[in-house]
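Per-entry structural report
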Amino acid sequence: MNMLFRNIIAALSLGLLSIGVQAQTAPDEFVRTISQSVLEEIRSDRSLQTGDIERLNGLVDRKVMPYVDFQRMTALAVGRNWRGANPEQQKTLMQEFRRLLLLTYSGAVRQVNELTLQVRPVRAKPDDDEVIVRTQVLRPGREPIQIDYRLQRSAGGWKIFDMNIMGLWLVEHYRNQFAQVVGASGIDGLIQSLKEKNQSLVMGGGGAKQSAK
């Protein structure tokens, strides 16, 4: 799968993390409901389809961030080095990691109209606090793409803290990259690297042209 289509799928994945669902909702129904909400908004908003970064940022703020444990996602991506970062560094890492994901995938939403999502029933016990929801992205005339989500139960309902695209778990992918940077230049070096990457994505017009490396 080429990098452009990987970014398209990842954009769809990021966009599925949204809409308020009650805590007792089954995790597969949670994913199904949020997917329809976000896809419908993208399909009805031409500025989102053209990758408008400000509009996408607003969509993420409204429909994504309240339902993602982004602190846990960032901590897992930074790995054991997270505990060595002070509170201000942790805050900045979360901000820059969020921006990296947003910019990387912003250029891909224009092709969402060609994709549909199929959610598989969850194989888990009713009292499980962490589950994996498996889905397939269906493409006309091509093989489906598998996307998995790791969810945890919280007081406010299910929250997503990791996702797998074609066998690549997002947290593990970035943890390997981040560990190399921290090993060479510390937490401040990682923050600077993220800022520079984000600036390059802004200058390059978004993630449709560049990977997250």
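Just above sits the structure.
**Quick look at the overall build of the chain**
The helix and strand inventory of the chain stands at seven helices and five strands. Listing each helix as α and each strand as β along the chain from the N terminus yields α-α-α-α-α-α-β-β-β-β-β-α. Relative to its full complement of 213 residues, the chain shows a buried share of 51%. Taken as a whole, the chain presents about 10600 Å² of accessible surface, with 47% of it coming from carbon and sulfur.

**Let's talk about the packing of helix α5 (residues 70-78) against helix α7 (residues 170-204)**
Two numbers describe how α5 lies on α7: the axes approach to 6 Å, and their chain directions differ by 70 degrees. Between α5 and α7, the angle is such that the two are roughly perpendicular. Two secondary-structure elements touch here, α5 through M73, L76, A77 and V78 and α7 through L170, V171, Y174, R175, F178, I187 and L190. Residues belonging to the contact of α5 with α7 are distributed by class as follows: ten nonpolar, no polar and one charged.

**Some details on the packing of helix α2 (residues 27-44) against helix α4 (residues 53-63)**
It is the contact of α2 with α4, at a shortest axis distance of 12 Å, that shows an interaxial angle of 155 degrees. Put simply, α2 runs roughly antiparallel to α4. Taken as a pair, α2 and α4 cross one another with a handedness that is right-handed. Packed against α2, whose contacting residues are S37, V38, E41 and I42, the element α4 presents L59, R62 and K63 at the interface. Tallied by class, the residues present in the contact of α2 with α4 amount to three nonpolar, one polar and three charged.

**Concerning the pairing of strand β4 (residues 157-165)**
Every other side chain in a regular strand lies on the same face of the sheet, so the side chains alternate between the two faces. Judged by how many residues are buried, β4 sits mostly within the fold: eight of nine residues are covered. Two elements, strand β3 (residues 145-154) and β4, share eight bridges in a ladder whose sense is antiparallel. Counted as the bridge partner of Y149 is M163 from β4. Counted along the chain from β3 to the antiparallel partner β4, the turn is two residues long. When β4 meets strand β5 (residues 168-169), the two strands line up antiparallel, connected through two bridges. Residue pairing for β5: N164 is matched across the bridge by W169. Linking two consecutive strands that pair antiparallel, namely β4 and β5, is a turn of two residues; a positive phi of about 55 degrees is found at M166 within it.

**Topic: the sheet that holds strand β1 (residues 116-119)**
Strand order in the open sheet made by the five strands is β1-β2-β3-β4-β5, with antiparallel pairing throughout. Each end of this open sheet is capped by a strand with a single partner; those strands are β1 and β5.

**As for the pattern of salt bridges**
Any two side chains of opposite charge can pair, so long as their charged atoms come close to each other. Going through the model one piece at a time under the given rule, you end up with six salt bridges. Note that E130 and R72 form a salt bridge whose closest N and O atoms lie 2.9 Å from each other. Of the two residues, E130 sits in strand β2 (residues 130-138) while R72 sits in helix α5, which places them 58 residues apart along the sequence.

**Regarding the nonpolar core**
Counting 40 residues, the largest nonpolar core has M73, L93, F97, L151, L170, Y174 and F178 as the members making the most contacts within it. When contributions to this core are tallied by element, the ones reaching two or more residues are α2, α5, α6 (87-106), β1, β2, β3, β4 and α7. For this core, the element with the most residues is α7, which contributes ten residues. Among residues more than four places away in sequence, those in contact with M73 are V68, F97, L101, I160, F161, D162, L170 and V171.

**Considering the environment of N81**
Mapping N81 onto the fold places it in the loop between α5 and α6. Sequence spacing of N81 and F178 is 97 residues, and the spatial spacing of their C-alpha atoms is 9.2 Å. If sequence neighbours within four positions are ignored, N81 has contacts with A179, V182 and I187.

Cut-off values and rules
Residues numbered from 1 in each chain as written. Predicted model: local features only at pLDDT ≥ 70, side-chain atom pairs only at ≥ 80, totals over all residues. Heavy atoms only, no water. Helix = DSSP H or I, 4+ residues; strand = E, 2+ residues; numbered from the N terminus. Buried < 20%, exposed > 50% of the residue type's maximum accessible area, 1.4 Å probe, protein only. Areas by Shrake-Rupley, 256 points an atom, 1.4 Å probe, with all protein chains shown as cover. Axes fitted to C-alpha atoms, helices over the stretch in contact; angles between N-to-C directions. Parallel < 35°, antiparallel > 145°, perpendicular 65-115°, else oblique. Contact = heavy atoms within 4.5 Å. Nonpolar A, V, L, I, M, F, W, Y, C, P; charged D, E, K, R; others polar. Left-handed = near helix turned anticlockwise from the far one by under 90°. Pairing = 2+ DSSP bridges. Salt bridge = Lys/Arg side-chain N within 4 Å of Asp/Glu carboxyl O. Core = buried A, V, L, I, M, F, W, Y, C linked by side-chain atoms within 4.5 Å.

Function-wise, these values are silent; they only describe arrangement.
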